[in-house]
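Chain and residue survey
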Amino acid sequence: MGQSMTRRAVLLSTAAGGLSRRSLASPTPGLAAAAAKGGRHYGAAVRWDHLSRDADYRAAILRECDHLVPELELKWASVEPERGNLTLAPMDAIADFARQHGLRLHGHCLLWRRSIPRWAQDEILRTRDWNLVVRYVSAVVPRYAGLIETWDVVNEPLALSEGVDGLQPDALLSAFGPDYIRRALETARAFAPTGKLMINEYGLEAEGPHGEARRRRFLRLLDELRRTGAPLDGIGLQDHLDLQLPRLAQARLAAFVREIRARDLFVTVSELDVKERDYILPPEARDGRVATAVRALLEVMLDAGKVDRVTTWGLSDRYSWLEVTRADYARFPHAWKDGTTPGLNRGLPLDAAMRPKAMHQVMVDLLRTSKS
Ligand code: G3I
């Protein structure tokens, strides 16, 4: 995203400062406008199928965001579902939308076990030919040069449980060993000479021994990459919060993000959202719990992490990958006997009607405070 404000952020921050049409229409300032006051950026993950057909949603995105992240469209499995058959129209459409509205894009994601098409995984395992990775990276990275300056080169390299020395045992690890992460960064650097290259990881803010082990392994990975001179610039902490899990104490999270920064890497909040626990509370109480968790996280990330980009994984509850599951219903066996339902998970800044919730207010309050 770079350190400078985008044209759009400048326009929005100006609009929020005066009694403009925009500020009359929208009583709370947009998140990007608030973030710009603090020298930061706010954006959301989007899908072109939602953006292209939903005018309310488009308006909300333009009111709130200074950058977007393609939720699916840049992933290898979306780009090349069949070998040699490139599908870049949806990603190009997001890129055109971004250019038209002065938004930046963040590149998510080049290599992730869940985003590599089946045929490519099979071929990687069979041939151990790194050129397969080079082909895909060369197809997408230069194409969006000038628009995408930050890239999640490797997504979620850590193992879900034990793994192989703590790394996720996927096709890349099997074919190329742990060095695939350095090679991926080198390949990305070859096609994005000035890009900011990142590793994006989840579950590093989890309480308990598993979370602690992940944090230790992650820092060791960063040290290994440093030793080999890998071109790594920053870290995306996904921060998919879960109210069903205990929360890590702020001081311990702060110590961890300071460890990352001590390795000369910048930190971003890259996929923030909140999975709820108690769906039978009134909506205001549910929103309060979500907002409290977001406040506790962002206080640390903005202070100890000095993050200058916060991205939520979606903007409105209308479109969230987080669902109220069968297991969630099962935890409240006596609820909703009257035929009502808990509705959607309420873990994003806007509700399904595009109205700001408590999470939005917390984010406005925190993001607009100056970076120290
Ligand atoms: O588009 C197909 C559709 O044609 C098909 O009928 C349907 C049947 O399952 O699948 C559809 O594709 C799904 C796609 O979402 C669109 O709904 C994929 O199966 C499904 O895997 C995909 O999930 C996405 C997931 O990444 C995998 O790419 C989620 O929307 C997206 O939110 C999620 O995002 C990830 C980040 O990239 C990395 N961090 C975690 C985050 C949440 O899981």
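Reading the values: rules and limits
- Residues numbered from 1 in each chain as written.
- Predicted model: local features only at pLDDT ≥ 70, side-chain atom pairs only at ≥ 80, totals over all residues.
- Heavy atoms only, no water.
- Helix = DSSP H or I, 4+ residues; strand = E, 2+ residues; numbered from the N terminus.
- Rg over C-alpha atoms; globule rule 2.2 N^0.38 Å.
- Buried < 20%, exposed > 50% of the residue type's maximum accessible area, 1.4 Å probe, protein only.
- Contact = heavy atoms within 4.5 Å.
- Lys, Arg positive; Asp, Glu negative; His and termini not counted.
- Charge placed at Lys NZ, Arg CZ, Asp CG, Glu CD.
- Pairing = 2+ DSSP bridges.
- Expected span 1.5 Å × (residues − 1).
- Arc of directions from axis to C-beta.
- Salt bridge = Lys/Arg side-chain N within 4 Å of Asp/Glu carboxyl O.
- Polar contact = N/O pair within 3.5 Å; in protein donor to acceptor, adjacent residues only side chain to side chain.
- Near = heavy atom within 4 Å.
- Nonpolar A, V, L, I, M, F, W, Y, C, P; charged D, E, K, R; others polar.

With that settled, consider the overall build of the protein. Scanning the protein from terminus to terminus reveals 16 helices and 9 strands. At 20 Å, the protein has a C-alpha radius of gyration in line with the 21 Å of a compact globule built from 372 residues. Overall, the protein is about 55 × 45 × 40 Å in size when its C-alpha atoms are taken along their principal axes. Per-residue burial over the protein gives 55% buried out of 372 residues. Pairs at least 24 residues apart make up 80% of the contacts formed inside the protein by residues separated by at least 6 positions. Averaging the locations of the 53 positively and 48 negatively charged side chains of the protein gives two centres separated by 2 Å.

So, about the pairing of strand β9 (residues 309–312). In summary, the side chains of a regular strand alternate between the two faces of the sheet. Residues Arg-309 and Thr-311 line one face of β9 and the alternating positions Val-310 and Thr-312 line the opposite face, and both faces are buried. Taken together, the 4 bridges between strand β1 (residues 41–46) and β9 define a ladder with parallel strand orientation. Within β9, the position partnered with Gly-43 by the bridge is Thr-311. Bridge count for strand β8 (residues 266–275) against β9 is 2 bridges, and the pairing is parallel. Residue pairing for β9: Val-269 is matched across the bridge by Val-310.

Compared with the 18 Å implied by 1.5 Å per residue over 13 residues, the 18 Å span of helix α13 (residues 250–262) between its first and last C-alpha is a close match. Turning to α13, its buried residues are Leu-253, Ala-254, Phe-256, Val-257 and Ile-260. In an axial view of α13, the angular spread of the buried residues amounts to 160°, which keeps them on one side of the axis. α13 presents Ala-251 and Ala-262 as exposed residues on the side facing more than 90 degrees away from its buried surface. Residues of α13 that are buried in the fold lie against α12 (208–227), β6 (234–237), β8 and α14 (283–303).

What follows covers the side chain of Asp-152. Inspection of the secondary structure assignment puts Asp-152 in strand β4 (residues 148–155). An unpaired buried charge is present at Asp-152: no salt bridge exists, and Arg-309, the closest side chain of opposite charge, is 5.0 Å distant. In terms of polar contacts, Asp-152 uses its side chain to reach the side chain of His-108, at 2.8 Å. Excluding residues within four positions of it along the chain, Asp-152 makes contact with His-106, Gly-107, His-108, Cys-109, Leu-110, Met-198 and Asn-200.

A separate point is the site of the ligand. Taken together, 14 residues are adjacent to the ligand, and Glu-71, Lys-75, His-108, Glu-156 and Glu-271 come closest. His-108 is positioned such that a nitrogen or oxygen atom in its side chain is 2.7 Å from an oxygen atom of the ligand. Here a nitrogen atom of the ligand sits 2.9 Å away from a polar atom, N or O, in the side chain of Glu-156. A breakdown of the residues in the shell around the ligand according to their chemical character gives 4 nonpolar, 4 polar and 6 charged.

In short, geometric facts, not functional conclusions.
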